[in-house]
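Chain and residue survey
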Amino acid sequence: RFHMAQQNLLVSRDVPLGEGDIAPQKKYSSSDMITAAQEMKFKQDEAHRRRKKRKKEGKKAEDESKNDLKKAYTTTAHEKTKDELMKDFNVDFAKGLHPAQVEELRQTHGWNELTPTKQDPWWLKLLKSIFGGFFNQLLWAGSILCFVAYGVDPNDPKDRTNLYLGIVLSSVVTMTGCFGYYQESKSADIMESFSKFATQKIVVLRSGTEVKVDPRELVPGDIVVLSYGMQLPADIRVIECSPDMCVDNSSLTGESDPQVRKWTPSTVAPHEAENLAFFGTMLLKGKGLGLVINTGDTTFMGRTAALACATENVATPIAREIKDFVTKVSVIAFALGISFFIIGMVTDGKLVKNIINLIGIIVANVPEGLLATVTVSLTLTARRMDSKNVQVKNLESVETLGSTSVICSDKTGTLTTNIMTCQHVYYDLQERECDTRSPNEAVEGDFYYEDGSVRASFIRLVRIGALCNNAKFLDTGSIVGDATETAMIKFASGHVHSKYHLGVQKYRNLHEKLHEIPFNSTNKWQISMHRLTPNLALGSEQKEDTRDQAIIVFKGAPERVLAMCDTYLYDGEARELSKETRDAILDGVLQLGSQGERVLACADLVLDVNQYDISKMEPPIERFEHNESQSTTEQLVFVEYNSELLPIRLNESGEDGNPLELEDHFVKHIMKLVEAETNMNSGCQRLFYSDTGDLLEAEQTLRELQIGQGSILHLREGPFKFNGTSRETANWPFGRSDERGLTFVGLMAMIDPPRPGVPEAVKKCQTAGIKVVMVTGDHPVTAKAIAQKVNIIGPDGETKEEVANRKYGGNPTLVKPHEYKAVVTPGHVLQDMLDKDEDEVTEFWNEVLQKPMVVFARTSPQQKLLIVQACQERGAIVAVTGDGVNDAPALKKADIGIAMGITGTDVAKEAADMILKDDNFASIVNGVEEGRIIFDNLKKSIAYTLSSNIPEIAPFLLFQILGIPLPLSTVMILLVDLGTDLAPAISMAYEGRESDIMKRRPRDPAVNKLVTMRLISFAYLQIGMLQAIAGFYAYFTVLNGFGFRPGHLINLDRYRVFNDYLKEAKLRDAYYLWCFDPNENTIAGSTCYYLPNMYDAEFTAGGLTNIPYYTDEEFQAWRANNDDYASDAKDFVVKMAADVGYTDTLTREMLNSGGQLNGVDLTWELFEATYWKSAPALETADDSLFGRFSRDTWHAISAQDVVLYPNRRCFEEDYSRNYRQNPNTGDDLPNVPPPFCNVADYEFKPRTWRYSTEAQDNANGALNGLRSLFPMQTRTRVESLAMSNSAYFISIIVVQWADLMICKTRIRSLFEQGMSNTFMNYSLFFETILGAFLVYVPVSNTVTGTRPLRFTWWTSAVPFSLAIYIYDELRKGWIRKNNGGWLHRNTYW
């Protein structure tokens, strides 16, 4: 399988620079247009077969529907002329739509609003969290089976074990479901986020009248009045606009620069058309009219919204891993359970009993605590990541980030700051780099001499950046203005403060602005004039004349600025601008442009103070005679100056070359002629007319001033006044023909710079085997430059065309695939390929996604989504970062979506799984490390948890196969899984990283699974087996203390009566267990038999006297009992009777129901008197069956009076009241006291044969006074098994101590890793205390069936715990020494 972590992906195609770029197109046309050659076909056949299969499954129609959404946004409105638009939309631009048209269109197109998606109510989400998911459903199934088993239990009282089990399982899954719901309760409603783009009322033209309407009322064809600062309410085709109209498209396309809008038709792609403005974007500058072309869901944002909502959520890798693990465990559990269920049904056919065994095996196999462990571990890691500025919305995404093999990152706002910053300056014919870390205080760089004084040329460049700039600092410290001017003013700010100790605004105030021509997209320059006081003059600007000077500051596109300059500044002195110098400057421009920077040239000029004197006083306002005139027959006006009338003949020509009428002349025409007559600069002229006292403006016409032939104007002199709105109309030197030019000072190159720490973060990702792919809506050149700065494209990252230029004379067809590593694929090339047939699309992706350095530029939201999808189809686990609306679909489609917390839109945040609260891509590296740690730790946690499965499963297997009493109850299994093991398993979440975690390649999901066969082998066959042996050792040790040798235990519970005190027949007829010494009784051997309480005596209890131990009614019930345990007991009694001497007198038929002795029905009294003879007066007789039974059993003390079985005791009460009733009242009779206890001699020790305490020989040579272990009543058996179960349970805790420590690392020694995990140390203490609580606290004994243990029984598992630790240390040591060896390959999990 092709895996992106092991193969470097991507190939490129580029596009030439657009017309709006400052750098000349021809410089980049070759390096930015790459035609990729085919390299390798990855999974083409598989993809083809997959497509066929999907069609066969009927998914074709669904796919086509989704593909419609994924197609690029299309419209032809941007290509149409105004007349064509009016015809297509049936609207008059001068009047707008009529109300009837609006209603008709609304019926067709609906309201202008986004359709919200259907959301589940909170209670349904909660139910899905509790009942959804395979693991949850598995636990619910187990819980239901437990309740069913309890319900069908025919006993009275019922065994509550299954009830408790069902309650615990249902409680666990409910609580973890609620916890998961709480953690992920934040809404994922994408549409609600889009609705936050709702705008205020807007002005539209309807029926010739401007009216205000809500944005939702718009319909296609409406004419909208566009004004500065408004948020656009729909997709709009601009039909009229001011020259400076700009929009902010960064949230849609990722472009951080303001985008100029024009009304003229365009033939480029819609999202690049300059005459379209989209819903939700901001109008930054200008005003105009727009035609609504799309509303609601059909807008660019509407399609993006629909695409985000239609995008299917991808199951996280950890979810897939857990499902895979649970499936494996479930298959094992159900296979074992069903197998033994079938075996049980074949052997005894008892449904309820076998269902209970089935449940026990399933419960033992399924790690019920895993769900809680995973949930809590992910939550703890999420909290830890939160402290590192990574907010986790989807818990499972924590691990996904660690598994990521490809990060598709947006550029703007993610890799970069989304703040234009001055990256380079160029002065004295040299390029200098600027400090972008703190732009407002950026004073570092090659700008100052060693003595701290600023370089002369540089400070003049700074002055231009501060003055020729309309961005403003607010009182809050923030800046208002477009991105480029903001970057310039921030850069200038630090240096102005460094030299003058002033803020920029105060510095500007000292340079009074006298006039300006703002920037527009046609001129591509901006100019302003300022007052320069003598104390602020720099270098050669300082004059002896103390008058204020006028200074021109100028910035714009380099080729435009250089065209207006005739000198350049070098070391503070102006020099002639030769062709060689001009070319050198242009080379600097190209070099900066090739780095993706926006380059502006700066120039200035200090004007001659005599010719452009701005220090004079303004003349006083004067009023003259109303419409004063002089009689004349010529096209003259008169200008009075110094009491003299100057005749001014007006004979200018218009644009058509014909002479203008006198009234069509402008005031500036008069000023021009006056300057020729008087040598008074037109800028100093102040013309008055009539009695208004108003000064005449240069751009006013004589007609509007009502100046006619012979009119008298009055001239006065004032300070020079700049006027003009273009280069042609300017009244100052502007590099026009035969006119002095400006002085070129330098270049400022702006870029949206990389965030601090991002280049290092990308390097770390690459070291970790993670490929970072840039996917941006910005221009390819800019994208490539940033990619190089952040290490996405490395030093050896040549593109195909660059290799062709270097080696093959510019012929890319000669370039071999291995010769280039970097590709930059623009969106239009991508779209062209996606429009082809599926095989070609597959070929394209295979071709593109194999290069190590990859950039996608000028991409649409749909294309970003398809890029993510293509990576996933080729085996990658994809993380997508982004902050804009355009990123939302890809964020949702990715395995993990990561949004920016500060600059990110609400849409992006809602679509993402994680949010970087500090917007720092570098935080992703922390997330990757945490994700890898959590995967490692989950693996360790599972290894720890699974190890206890074998000691939990083995008891049921031996119980079924060998018939031994069940060593571990299902309740105690839950005590391990949900009690003692839970805290240690969770403590793995706190375990630190292993040293090589960020040097590994991303895991291959197809190979490096959470649970592998090696892990199962380690947990089950190695550690688990040792744990099971430890458990059985503790189990056998405790039962041995009660007199049960291991040989006794085989088939001891084959009839399931060993500890059954709830079923009346079993309790009654298997009341006593007799086990015999094979040396004394060769008939029984090592086999034990269950017999009723056949003892002929009476007792007093509960106020009742003369209560018989055994009755004929019970004896007849036993005779009628044909169960195997009763039949085997009858057979044995007959054999023993024959051995005693009752050959042929006691037969098997006599013990069956209806059997007779000498023609009389056999009763208890007859059986006792004839054969059994258990009465105290008869039990010593040689022919007493009871006496023979007693003599042949195992003894509790030796001949030397040593107690052999110290655990054995008799209990004063048993369970006989469960089946014995008073025949007179029907009430339960009191429990039968054990008849064989002699507490006066050995307290709580058994005595079944009532001899004196003195050792003596009787006539038969038998030794009196030896204590017999048997018969053992049910109560003792129940207690002995409960204690052995408790010992087994405690042994699991003890061996899990070692298991927890060895699972801390997968290959490092514990001595290297240490025990610094405080929570783990606490969990070791906690599980031990919890185990003691469950064993020693009476209420726990009642609920869980545990019993108090001797301390020595705790130590039985200690040797095995040490063995586990020593074994694993030796295993890891051998692996470290023989890396890659057999042991490593087969046991490293």
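All residue numbers here refer to positions counted from 1 along the written sequence of the relevant chain. Note on the predicted model: pLDDT of at least 70 is required for a residue's local features to be given, and 80 or more for side-chain atom pairs to be given and counted; whole-chain, interface and lining totals, by contrast, use all residues. Neither water nor hydrogens contribute to the side-chain values; these are computed over all heavy atoms in the structure.

Quick look at the pattern of salt bridges
As a reminder of what qualifies: In what follows, salt bridge is the name for a side-chain nitrogen of Lys or Arg lying within 4 Å of a carboxyl oxygen of Asp or Glu. A run of DSSP states H or I qualifies as a helix once it reaches four residues; a run of E qualifies as a strand once it reaches two. Both are numbered from the N-terminal end. Throughout, exposure labels follow a simple rule: accessible area from a 1.4 Å probe, protein chains only, divided by the maximum for the residue type, with under 20% read as buried, over 50% as exposed, and the rest as partly exposed.
Applying the stated rule across the entire model yields 57 salt bridges. Where Lys-262 meets Glu-274, a salt bridge forms, and the shortest distance between an N and an O atom there is 3.6 Å. Here Lys-262 is found in the loop between strand S6 (259-260) and strand S7 (276-277), whereas its partner Glu-274 is found in the loop between S6 and S7, with 12 residues between them in sequence. Residue Glu-274 is classed as partly exposed on the basis of its relative accessible area, which comes to 31%. Through salt bridges with shared partners, a single ionic network connects Arg-460, Arg-463, Glu-541 and Asp-604.

Let's talk about the confidence of the model for the protein
The test is simple: Values of pLDDT, which run from 0 to 100, indicate the predictor's confidence residue by residue. What makes two residues a contact is simply this: any of their non-hydrogen atoms within 4.5 Å.
Averaged over every residue, the pLDDT of the protein is 82; the share at 70 or more is 87%. Counting interchain partners and residues more than four positions distant, the pLDDT-below-50 stretch residues 1-70 has 178 contacts. This stretch, residues 186-199, has a pLDDT under 50; its non-local contacts, to residues over four places away or in other chains, come to 40 contacts.

Quick notes on the packing of helix H32 (residues 949-961) against helix H35 (residues 1013-1041)
Helix-helix packing is characterised by the crossing angle of the two axes and by the distance between the axes. For clarity, the threshold we go by: Note on geometry: axes are C-alpha line fits, over the in-contact stretch for helices, and angles between N-to-C directions span 0 to 180 degrees. Should an angle fall under 35 degrees it is called roughly parallel, over 145 degrees roughly antiparallel, and 65 to 115 degrees roughly perpendicular, with every other angle called oblique. Left-handed describes a crossing whose near helix is turned anticlockwise from the far helix through less than a right angle; right-handed describes the clockwise counterpart.
Interaxial distance between H32 and H35 falls to 7 Å at its minimum, and their mutual angle equals 60°. With respect to H35, the axis of H32 lies oblique. Handedness of the H32/H35 crossing: right-handed. Across the interface between the two elements, Asn-949, Ile-950, Pro-951, Ala-954, Pro-955 and Leu-958 from H32 touch Tyr-1020, Gly-1024, Met-1025, Gln-1027, Ala-1028 and Phe-1032 from H35.

So, the nonpolar core
Applicable threshold: We define a nonpolar core as any set of buried Ala, Val, Leu, Ile, Met, Phe, Trp, Tyr and Cys residues linked to one another through side-chain atoms lying within 4.5 Å.
Grouped together as the largest cluster of nonpolar side chains are 194 residues, with contacts concentrated most on Phe-1044, Phe-1167, Phe-1189 and Phe-1289. No other element matches helix H43 (residues 1274-1302), which puts 14 residues into this core. Dropping the residues within four chain positions of it, Phe-1289 is found in contact with Leu-968, Met-972, Leu-975, Val-976, Thr-980, Gly-1331, Leu-1334 and Val-1335. If you look at the next biggest cluster of nonpolar residues, it comprises 61 residues, including Phe-93, Ala-804, Tyr-820 and Trp-845.

What about the packing of helix H31 (residues 922-947) against H43?
Definition in use: Charged residues are taken to be Asp, Glu, Lys and Arg, nonpolar residues to be Ala, Val, Leu, Ile, Met, Phe, Trp, Tyr, Cys and Pro, and polar residues to be all remaining types, Gly included.
Their axes nearest at 9 Å, the elements H31 and H43 cross at an angle of 160°. Comparing the axis directions of H31 and H43 gives the class roughly antiparallel. Seen along the crossing, H31 lies across H43 with a hand that is right-handed. Counted together, Ala-943, Tyr-944 and Ser-947 of H31 and Gln-1296, Asp-1299 and Leu-1300 of H43 form the full contact between these two elements. When grouped by side-chain class, the residues that make up the contact of H31 with H43 number three nonpolar, two polar and one charged.

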